[in-house]
Amino acid sequence: MDLEYLKMSPLEKFGFNFKNFFKRLPLSFAAFFKAIPKKLYKLWLAFAGIFINIGRAAKEGDWKTRTSFAVMGFGLIARKQYLKGFLYLIFEVLFVLYMVFFGWKYLVKLGSLGEVACKTVIDPLTGIEKTIYYDNSLLILLYSLLTIFIAIAFVYMWYQNVKGNLLSQQFTEAHLRLPTSKDDIKSYADENYHKTLLSIPVLGLVVFTILPIFFMIFIAFTNYDKFHQPPAQLFHWTGVDNFVTVLGGGISADSKVFAYTFGEVLLWTIVWALFATFTNYILGMVVAILINKKGVKFKKLWRTILVITIAVPQFVSLMFMSQLLANQGLINNLLLKWGWIDKAIPFLTDGTFARITIIIVNIWIGIPYSMLICTGILMNIPADLYESARMDGAGPVRAYMKITLPYMLHVTTPYLITQFIGNLNNFNVIFLLTGGNPPLEMDGFTTTAGETDLLITWLYKLTVTESKYCLASVIGIFTFVIVAAFSLILYNRSKSVKNEEEFM
């Protein structure tokens, strides 16, 4: 097989590699999900190590260390490490106060998500009806998750407290000098400065990214929709019913329509991402090569023109194109006036036409970005390589396939992956150009999505228009899994990772 591969032309090799890549892609996905249990097992071993350390501290620790199991920082304070000791103690006091006065009352309702939403009563003094609100499922779920995160942080700090107290005891028994509070402060401004610098960003990441993700995941297991909206109504846990609906396991007509919609939108999302990524990349590279070619005049002018197109807000460009390509838009009016067509071309109202139009418009607005990136890389390819290729009798096509393309792919693979993932979640182009239209139909049923909708735009419609928050959360989970799997698999299979030092 190696000899047959070597005999292939550059174009045949490209086709062979392209075919094999997508042929091996399902196996790569299977290997990705197969590796998850191994990762979980390693995680379990890490947790087992934590319990072993706690057991050792309980067995070998003196009375000061053991007291720190209940009163955090006690052993440190007793050994005159006041700063660390009091910080641990303050954290424990704040946690207990939070749980007693706030967190616990929401956590105990997490199982039911509330019993009574509101009641209408008559004020005995005025005789006027008023509504009294009791449980709010949304707040119960949100604050319960927040409490769980805070509890996890407390457990982590408690473990660090146990380790710190045992280490302090070992230093004392070995007659070694313990770090003072002044030493600790200097440490966080020197060798541990990375912890000081990253503490606020990590806290922000947990509060504004990780917590909302978990909140969305939990919503997927409820019946939160327009019929169960707090505070007037409660929503409750429904298990995996929403996942069954999305995957077509339900027996109702609505379930089958929704599953059909999910399949169609998912297929179009992947097709769109592939076309939008590789057309922009290849054509942008071609434009960059043409501009950089010797003998081409006004190079700065061509680059400037393309840069100016980037400077125009994408919102303006897409809205202009949507008006230009409408059935009553300028292009159709001119073609009808000139007699070139008998009726308006449905650029945005026919499913097939709309999809092709979107890809073409995306090429128009995306080529300048790819051109600029490719231009910078092309300028760094050693000219000696091309000179040697010409001396060996290689033509432009062979030089491109053997030198330019491998070099570009090696350097820009992370960019390609980023673009591919960005196109999977490309909200602007679809929403501003077609709004997801025309409507997607199944056996006479109009679905909640359009023929040009991506998963991300469909998710937007499910939340803003349909108020089907629980099903939208399921779509969000599937989108996250697809994006994460594609990112990890494509990146780990790229030459940028496998042959990291090839072009060093």
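Structure's up top.
Residues numbered from 1 in each chain as written. Predicted model: local features only at pLDDT ≥ 70, side-chain atom pairs only at ≥ 80, totals over all residues. Heavy atoms only, no water.

1. Re the overall build of the protein chain
Turning to step 1, where the next piece is worked out: When you go through the protein chain residue by residue, the secondary structure sums to 20 helices and four strands.
Turning to step 2, where the next piece is worked out: Dimensions along the principal axes, computed over C-alpha positions, put the protein chain at roughly 90 × 80 × 45 Å.
Turning to step 3, where the next piece is worked out: Of all 504 residues assigned to the protein chain, the portion counted as buried reaches 36%.
Turning to step 4, where the next piece is worked out: Of all intrachain contacts in the protein chain linking residues separated by at least 6 positions in sequence, the fraction that spans at least 24 positions is 65%.
Turning to step 5, where the next piece is worked out: Looking at the protein chain as shown, the accessible area adds up to about 30300 Å², and 69% of this sits on carbon and sulfur atoms. (Helix = DSSP H or I, 4+ residues; strand = E, 2+ residues; numbered from the N terminus. Buried < 20%, exposed > 50% of the residue type's maximum accessible area, 1.4 Å probe, protein only. Contact = heavy atoms within 4.5 Å. Areas by Shrake-Rupley, 256 points an atom, 1.4 Å probe, with all protein chains shown as cover.)

2. Quick notes on the pattern of salt bridges
Turning to step 1, where the next piece is worked out: By the definition in use, this model includes seven salt bridges.
Turning to step 2, where the next piece is worked out: Residues D62 and R79 are paired through a salt bridge, measuring 2.8 Å at the closest nitrogen-oxygen approach. On the criterion of sequence distance, the pair formed by D62 in the loop between helix 2 (10–60) and helix 3 (63–67) and R79 in the loop between helix 4 (74–78) and helix 5 (82–107) is long-range, its members being 17 residues apart.
Turning to step 3, where the next piece is worked out: By relative accessible area, which is 10% here, R79 ends up buried.
Turning to step 4, where the next piece is worked out: With a closest N to O distance of 2.7 Å, D183 and R177 form a salt bridge. (Salt bridge = Lys/Arg side-chain N within 4 Å of Asp/Glu carboxyl O.)

3. What to know about the pairing of strand 2 (residues 129–133)
Turning to step 1, where the next piece is worked out: Across five bridges, strand 1 (residues 118–122) lies against strand 2 in antiparallel orientation. Within strand 2, the residue paired with V121 across the bridge is K130. (Pairing = 2+ DSSP bridges.)

4. Brief notes about a nonpolar patch on the surface
Turning to step 1, where the next piece is worked out: A grouping of Y82, F86, I90, V93, L94, V96, L97, V100 and F101 is seen on the molecular surface, where their side chains present a nonpolar patch of about 890 Å² in accessible area.
Turning to step 2, where the next piece is worked out: With respect to the helices, strands and loops of the structure, L97 is situated in helix 5.
Turning to step 3, where the next piece is worked out: With relative accessibility at 41%, the residue L97 sits in the partly exposed group. (Patch = residues over 30% accessible without salt bridge, like charges linked within 9 Å, V, L, I, M, F, W, Y side chains within 5 Å.)

5. Observations regarding the packing of aromatic side chains
Turning to step 1, where the next piece is worked out: All told, the structure shown has 22 aromatic pairs when counted by the stated rule.
Turning to step 2, where the next piece is worked out: Measuring from ring centre to ring centre gives 5.5 Å for F69 and W158, while their planes differ by 85°; the resulting arrangement is edge-to-face. Of the two residues, F69 sits in the loop between helix 3 and helix 4 while W158 sits in helix 6 (residues 137–173), which places them 89 residues apart along the sequence.
Turning to step 3, where the next piece is worked out: On the basis of relative accessible area, F69 is assigned to the partly exposed category, the value being 23%.
Turning to step 4, where the next piece is worked out: When the ring of Y98 is compared with that of F102, the centres are 5.6 Å apart and the planes differ by 45°; the resulting orientation is tilted. A residue pair is termed a helical-turn pair when its members lie 3 or 4 positions apart in one helix, as Y98 and F102 do in helix 5 at four residues. (Phe/Tyr/Trp six-rings, centres within 6.5 Å; stacked < 30°, edge-to-face > 60°.)

6. Some points on unusual backbone geometry
Turning to step 1, where the next piece is worked out: Cis geometry is found at the peptide bond from P230 to P231, where omega equals 5°.
Turning to step 2, where the next piece is worked out: With respect to the helices, strands and loops of the structure, P231 is situated in the loop between helix 8 (193–219) and helix 9 (241–246).
Turning to step 3, where the next piece is worked out: With an omega dihedral of 0°, the bond running from N437 to P438 counts as a cis peptide bond.
Turning to step 4, where the next piece is worked out: Within the secondary structure, P438 sits in the loop between helix 17 (427–433) and strand 3 (439–442).
Turning to step 5, where the next piece is worked out: Non-glycine residue K80 carries a positive phi angle of around 70°.

7. Regarding the nonpolar core
Turning to step 1, where the next piece is worked out: Of all hydrophobic cores here, the largest spans 27 residues; its most connected members are V246, W458 and I475.
Turning to step 2, where the next piece is worked out: The set of elements that each furnish at least two residues to this core consists of helix 9, helix 10 (253–292), helix 16 (396–424), helix 18 (455–464) and helix 19 (469–493).
Turning to step 3, where the next piece is worked out: No other element matches helix 19, which puts eleven residues into this core.
Turning to step 4, where the next piece is worked out: Those residues in contact with W458 that sit more than four places away from it in its chain are F258, T261, F262, V265, T448, A449, D453 and I475.
Turning to step 5, where the next piece is worked out: L318, I341, I345 and I430 belong to the second-largest nonpolar core, a separate cluster that totals 23 residues. (Core = buried A, V, L, I, M, F, W, Y, C linked by side-chain atoms within 4.5 Å.)

8. A short note on empty space enclosed by the protein
Turning to step 1, where the next piece is worked out: Enumeration according to the criterion identifies one cavity of 30 Å³ or more in this entry.
Turning to step 2, where the next piece is worked out: In this model, the largest cavity occupies a volume close to 50 Å³.
Turning to step 3, where the next piece is worked out: Lining the largest cavity are L266, T269, I270, L424, L455, T479, I482 and V483.
Turning to step 4, where the next piece is worked out: Listing elements by their share of the lining of the largest cavity, those giving two or more residues are helix 10 and helix 19. (1 Å grid on protein atoms, 1.4 Å probe; cavity = no way out; pocket = protein on both sides within 12 Å on 5 of 7 lines; lining within 4 Å. Points joined across faces, edges and corners; volume = space filled by probe spheres on them.)

9. Let's talk about helix 12 (residues 314–324)
Turning to step 1, where the next piece is worked out: Taken together, the buried positions of helix 12 are S317, L318, M321, S322 and L324. Across the axial projection of helix 12, the buried residues extend over an arc of 165°, all falling on one side. Counted as exposed and oriented over 90 degrees from the buried face of helix 12: F315 and Q323.
Turning to step 2, where the next piece is worked out: Lining the buried residues of helix 12 we find helix 13 (330–338), helix 14 (351–378) and helix 17. (Arc of directions from axis to C-beta.)

10. Some details on the environment of G111
Turning to step 1, where the next piece is worked out: Looking at the secondary structure, you find G111 in the loop between helix 5 and strand 1.
Turning to step 2, where the next piece is worked out: When its relative accessible area of 63% is taken as the criterion, G111 is described as exposed.
Turning to step 3, where the next piece is worked out: For the pair G111 and W237, spaced 126 residues apart in the sequence, the C-alpha separation amounts to 8.1 Å.

11. Things to note about the environment of I310
Turning to step 1, where the next piece is worked out: Relative to the elements of secondary structure, I310 occurs in helix 11 (residues 299–311).
Turning to step 2, where the next piece is worked out: The class of I310 is partly exposed, set by a relative accessible area of 21%.
Turning to step 3, where the next piece is worked out: Taking C-alpha positions, I310 is 7.6 Å from I365, a pair spaced 55 residues apart along the chain.
Turning to step 4, where the next piece is worked out: Leaving out residues up to four positions away in the same chain, I310 has contacts with P368, Y369 and L372.

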